[in-house]
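Secondary and tertiary structure notes
Residues per chain are reported as follows:
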Amino acid sequence: MAEADDSVYRLRDRPMIPPKPAGGGVAFTGTAADLVEGVYRARRLRDDAFGPIAGQFREPTWDILLDLYLAAAKGRPVSVSSACIGSGAPQTTAIRHLALLESAGLVVRSPNPMDNRAGIVTLTEEAIRRVDDWARRVRSVWKAETPLPGDPVV
């Protein structure tokens, strides 16, 4: 579980590559990426809040997709092993979920130009478009001003 928590912070440590818009002129505006990062971090907080039972809440495919989206938004490459860590699942499980994403046409694996032993995983333009669309829909239904139990009364 600690490995998954570290993956969010490792996003900052990955080597930078120049961010480039996905095909069709789509570029990351920051808003969708900020929302996706919030959702991804919230999922890690959920793991902390529920402890050992949180392992039963896993959605490795979704976590991989969110992690790859955040990396793409920041112009950072993601190795296969890092994508597995970002899933919060055991490596063999994460590899299966990466294969599902690949067969669905949402990710592409390619050789790492810096290290022939490791592969790089990137989202397809279709995956980016779908996450952007999802983020817009989520943003429209989130009511951040809704008070929660324990919030100070203003």
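In this text the structure is predicted, and so the values were computed from the model without any measurement. Numbers given for residues are sequential positions, taken from 1 along each chain in its written order. At least 70 in pLDDT is required for a residue's local features to be given in this predicted model, at least 80 for side-chain atom pairs to be given and counted, and no such filter applies to totals for whole chains, interfaces and linings, which use all residues. Side-chain numbers here rest on the full set of heavy atoms in the structure, without hydrogens or water.

Here we take up the packing of helix α3 (residues 60-73) against helix α6 (residues 125-141). Packed helix pairs are characterised by how far apart their axes lie and by the angle those axes make with each other. Throughout, an axis means a line fitted to C-alpha atoms (over the contacting stretch in the case of helices), and angles, computed between N-to-C directions, take values from 0 to 180 degrees. A run of H or I in DSSP counts as a helix once it spans at least four residues, and a run of E counts as a strand once it spans at least two, with each numbered from the N terminus. At a minimum axis separation of 11 Å, α3 and α6 run at an interaxial angle of 100°. With respect to their mutual orientation, α3 and α6 come out roughly perpendicular. Contacts from Trp-62, Leu-65, Leu-66 and Tyr-69 in α3 reach Ala-127, Ile-128, Val-131, Asp-132 and Trp-134 in α6. Here the word oblique covers every angle except those under 35 degrees (roughly parallel), over 145 (roughly antiparallel) and from 65 to 115 (roughly perpendicular). Contacts are residue-level and defined by heavy atoms, with any inter-residue pair within 4.5 Å sufficient.

Let us now look at the environment of Ser-82. If you trace the backbone, Ser-82 turns up in helix α4 (residues 80-87). Only protein chains enter the accessibility calculation, which uses a 1.4 Å probe; a residue is then buried when its area is under 20% of its type maximum, exposed when over 50%, and partly exposed in between. Take Ser-82: its relative accessible area is 10%, and that puts it in the buried class. Through-space distance from the C-alpha of Ser-82 to that of Asp-67 is 9.3 Å; in sequence the pair is 15 residues apart.

The next point concerns the packing of aromatic side chains. Only Phe, Tyr and Trp rings take part, Trp by its six-membered ring, and two of them pair if their centres are within 6.5 Å. Stacked means planes under 30 degrees apart, edge-to-face means over 60, and tilted covers everything else. Tallied over the full model, the rule gives 1 aromatic pair. Taken together, a centroid distance of 4.9 Å and an interplanar angle of 80° make the contact between Trp-62 and Trp-134 edge-to-face. Pair noted here: Trp-62 is in helix α3 and Trp-134 is in helix α6, with a separation of 72 residues, a long-range link. Put simply, a charge is over a ring when the Lys NZ or the Arg CZ is close to the ring centre, within 6 Å, and near the line of the ring normal, within 35 degrees. Directly above the aromatic system of Tyr-40 lies the positively charged group of Arg-44, at a separation of 4.9 Å from the ring centroid.

Considering the arrangement of structural elements, one finds Leu-106 in the loop between α5 (91-103) and β2 (107-112). Expressed as a C-alpha distance, the spacing of Leu-106 and Thr-124, which sit 18 residues apart in the sequence, is 5.2 Å. Residues contacting Leu-106, with those up to four places away along its chain left out, are Leu-101, Thr-122, Leu-123, Thr-124, Glu-126, Ala-127 and Arg-130.

Let us look at the pairing of strand β3 (residues 115-123). Strand pairing requires that DSSP identify at least two bridges connecting the strands. Pairing analysis gives 2 bridges linking strand β1 (residues 78-79) to β3, with the strands arranged antiparallel. Bridge pairing links Ser-79 to Ile-120 in β3. Inspection of the sheet shows β2 paired to β3 by 6 bridges, in the antiparallel sense. Opposite Val-108, over in β3, you have Thr-122 as the bridge partner.

This part is about the pattern of salt bridges. Throughout this description, the term salt bridge denotes a Lys or Arg side-chain nitrogen within 4 Å of a carboxyl oxygen of Asp or Glu. Applying the stated criterion to the full structure yields 10 salt bridges. Salt-bridge contacts for Glu-37 lead to Arg-41; the nearest nitrogen and oxygen are separated by 3.1 Å. One end of the pair is Glu-37 and the other is Arg-41, both in helix α2 (residues 31-50) and 4 residues apart, which spans about a single turn. Classification of Glu-37 as buried rests on a relative accessible area of 16%. When the shortest N-O distance is used, the salt bridge between Lys-74 and Glu-37 registers 3.4 Å.

For the rest of this paragraph, the subject is the confidence of the model for the chain. Every residue carries a pLDDT, the predictor's confidence in it, which falls somewhere between 0 and 100. On average, residues of the chain score 77 in pLDDT, and 75% of them are at 70 or above. Looking across the chain, the model is least confident in helix α1 (residues 2-10), with a mean pLDDT of 39, and most confident in α5, with 94. Below a pLDDT of 50 lies the segment residues 1-27, which in the model reaches 49 contacts outside its immediate sequence neighbourhood of four places, other chains included.

Here 3 strands make up an open sheet; going across it, the order is β1-β3-β2 and the pairing antiparallel. What marks the edges here is a single partner per strand, and that holds for β1 and β2.

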